[in-house]
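The chain contents come next:
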Amino acid sequence: MKNIKVLGIPFDFGQDRIGVRLAPHVLREGKLIARLKDIAKTEDLGDLIFPFKVVENKQDKYIKHSLGAGLGTKTINDRIEEEDLSDSFLLNVGGDHGLALGTVHGLLSHHPEAVVVWADAHGDINTPETSPSGNFHGMPLAFLLGLTQHPHFGWIRRKILPQKLIFFGPRDLDQGEKDIILKHNIQYFSSEDINRLGAKEVIEMALHKADPFGTCPIHLSFDVDVFDQMDIDSTGTKVPHGPKLEELFLMGGVLAETGRLKSMDLVELNPQIGDAASVESSIALVLEFIETTLRQVFHAGKEIKPMPAMFEARTTSGRYL
Ligand SMILES: [Mn+2]
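Everything quoted here is computed from the prediction, not taken from an experiment.

Chemist: Go over the layout of surface pockets, please, and point to the residues and values.
Modeler: Volume-wise, the largest pocket comes out at about 260 Å³. Lining the largest pocket are 17 residues; nearest its centre among them are His 122, Ser 133, His 137, Gly 138 and Asp 174. Split into classes, the residues belonging to the lining of the largest pocket amount to 1 nonpolar, 9 polar and 7 charged. Volume-wise, the second largest pocket comes out at about 220 Å³. Every residue along the wall of the second largest pocket is listed here: Pro 10, Phe 11, Asp 12, Phe 13, Arg 21, Leu 48, Ile 49, Phe 50, Phe 52, Lys 53 and Val 54.

Written out as structure tokens, the structure reads:
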């Protein structure tokens, strides 16, 4: 890979808070592009424009905003399918996590064998029938695995195999999601598992099981609510008892070190949640996670710039930090 491409995806049909739309803008204001340019040649593809107006279809009792979610994820998929990614790392900046149906489906056209690491406090694997909320951002994996169908998602034609999916950090699963995860034998590592076994060990073990020959490209779908609620305030569905910051940075580093991490979603940052100070520190943490991970993608095996002091105070330094 020679360069980074950044796609802003202000998709918010997956839940009811419009603030997630603003995340690409605030991250660019935080010098995201300049920071990435310091790592590798970077092209900003701009923000995706959704070429439709949606009127809420209240008659759909299973998925809120199902028309917007269906058309929106198709728009994302089509944009990513057409992009030349032969030499590029693709960074998708959301938006809510519903967008990952579009990003992962689109990326499968470039990397059909991809392993998907889902870093998240939640499972996002509800079907419309099992979802207690009806929020689409809790369902993208059910569509990606082909576990459900819906008239507004008739464009879907690819799926990921359950053995190619790895959950990192979930701790708030609905009963229906637990049943699906068990039934399909999906790899699942809670913060407790990560703490007990080690983030590096967990990821290496999971990658080996998903891809024993170590040849498949890797996509990281990173929901910022995977961070402990003490570490991030500006996101819609915070959950306590998350992995430690150092474990999450280590996870990004271990994926980067494989040389096969080809793309990442960064979703659910909402700069309308929290006071000014916590919004600022949430944005700073997200920018730091992106920069540190991408730096390791492009400089795997080389000396890595240390984290700024403000984060060092909160982490223990290791090989991957
Ligand atoms: Mn999520």
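Here the narrative resumes, following the displayed structure.
Chemist: Describe the coordination of the manganese ion, with residues and values.
Modeler: Protein coordination of the manganese ion is provided by His 97 (ND1), Asp 120 (OD), Asp 124 (OD) and Asp 223 (OD), with donor distances spanning 1.9 to 2.3 Å. Between consecutive donor residues of the manganese ion, the sequence gaps follow H-x22-D-x3-D-x98-D.

Chemist: Residues and numbers for the pattern of salt bridges, please.
Modeler: Counting across every chain of the model gives 20 salt bridges. Put simply, Asp 47 and Arg 28 hold a salt bridge, and the shortest N to O gap is 2.7 Å. Of this pair, Asp 47 sits in strand S2 (residues 41–47) while Arg 28 sits in helix H1 (residues 23–29), and the two are 19 residues apart along the sequence. Of the charged contacts in the structure, one is a salt bridge between Arg 79 and Glu 83, with a shortest N-O distance of 2.7 Å. Across this residue pair, the class does not change: Arg 79 and Glu 83 are buried. Look at the salt bridges and you will find they share partners, linking Arg 35, Asp 38, Glu 288, Glu 291 and Arg 295 into a network.

Chemist: Explain the packing of helix H9 (residues 245–257) against helix H10 (residues 276–298) to me, using residue names and the numbers behind them.
Modeler: At a minimum axis distance of 8 Å, the contact between H9 and H10 shows a crossing angle of 30°. In terms of orientation, H9 lies roughly parallel with respect to H10. The two elements H9 and H10 meet at a crossing, and its hand is right-handed. Taken together, the residues of H10 that come into contact with H9 (itself represented by Leu 245, Leu 248, Phe 249, Met 251, Gly 252, Gly 253 and Ala 256) are Leu 285, Glu 288, Phe 289, Thr 292, Thr 293, Gln 296 and Val 297.

Chemist: Describe the packing of aromatic side chains, listing the residues and the values that go with them.
Modeler: Following the criterion strictly, the structure yields 12 aromatic pairs and no others. Seen in terms of ring centroids, Phe 11 and Phe 50 are 6.1 Å apart; in terms of plane orientation they differ by 65°. Their pairing is edge-to-face. Linking Phe 11 in the loop between strand S1 (3–9) and H1 with Phe 50 in the loop between S2 and helix H3 (66–82), this pair joins segments that are 39 residues apart in sequence. For Phe 11, a relative accessible area of 0% gives the class buried. Given a relative accessible area of 15%, Phe 50 falls into the buried group. Ring centres of Phe 249 and Phe 289 lie 5.5 Å apart, and the angle between their planes is 70°; on these two criteria the pair is classed as edge-to-face. In this pair, Phe 249 is assigned in helix H9 and Phe 289 in helix H10, connecting sequence segments 40 residues apart.

Calculation criteria
- For every chain, the first residue of the written sequence is number 1, and numbering continues from 1 onward in sequence order.
- A pLDDT threshold of at least 70 governs which residues receive local features in this predicted model, and a stricter bar of 80 or more applies before side-chain atom pairs are shown or counted, although totals over entire chains, interfaces and linings include all residues.
- No hydrogens and no water enter the side-chain calculation; it runs on all heavy atoms of the structure.
- Cavities and pockets are defined on a 1 Å grid built over the protein atoms alone: a cavity is a set of grid points where a 1.4 Å probe fits but cannot escape, while a pocket is an open set with protein on both sides within 12 Å along at least five of seven lines, and lining residues are those with an atom within 4 Å of any such point.
- Grid points are joined across faces, edges and corners, and a volume is the space filled by probe spheres set on the points.
- The classification used treats Ala, Val, Leu, Ile, Met, Phe, Trp, Tyr, Cys and Pro as nonpolar, Asp, Glu, Lys and Arg as charged, and all other residues, Gly among them, as polar.
- Because no water is among the atoms considered, metal sites can look incomplete, with donors defined as N, O and S atoms within 2.8 Å of the metal, or 3.2 Å for Na, K and Ca.
- We count a salt bridge whenever a side-chain nitrogen from Lys or Arg sits within 4 Å of a carboxyl oxygen from Asp or Glu.
- A run of H or I in DSSP counts as a helix once it spans at least four residues, and a run of E counts as a strand once it spans at least two, with each numbered from the N terminus.
- Think of it in three bands: with a 1.4 Å probe and only protein chains considered, a residue is buried below 20% of the maximum accessible area for its type, exposed above 50%, and partly exposed in between.
- Helix axes are fitted to C-alpha atoms over the stretch in contact, other axes to C-alpha atoms as well, and angles between N-to-C directions run from 0 to 180 degrees.
- Just so you know how the angles are binned, under 35 degrees is roughly parallel, over 145 roughly antiparallel, 65 to 115 roughly perpendicular, and the rest oblique.
- When the near helix sits turned anticlockwise from the far one by under a right angle, the crossing is termed left-handed; a clockwise turn instead gives a right-handed crossing.
- Note on contacts: a residue pair qualifies if any of its non-hydrogen atoms lie within 4.5 Å across the two residues.
- Any two of the Phe, Tyr and Trp rings considered here, Trp counted by its six-membered ring, make a pair once their centres fall within 6.5 Å; the pair's planes then place it as stacked at under 30 degrees, edge-to-face at over 60, or tilted in between.

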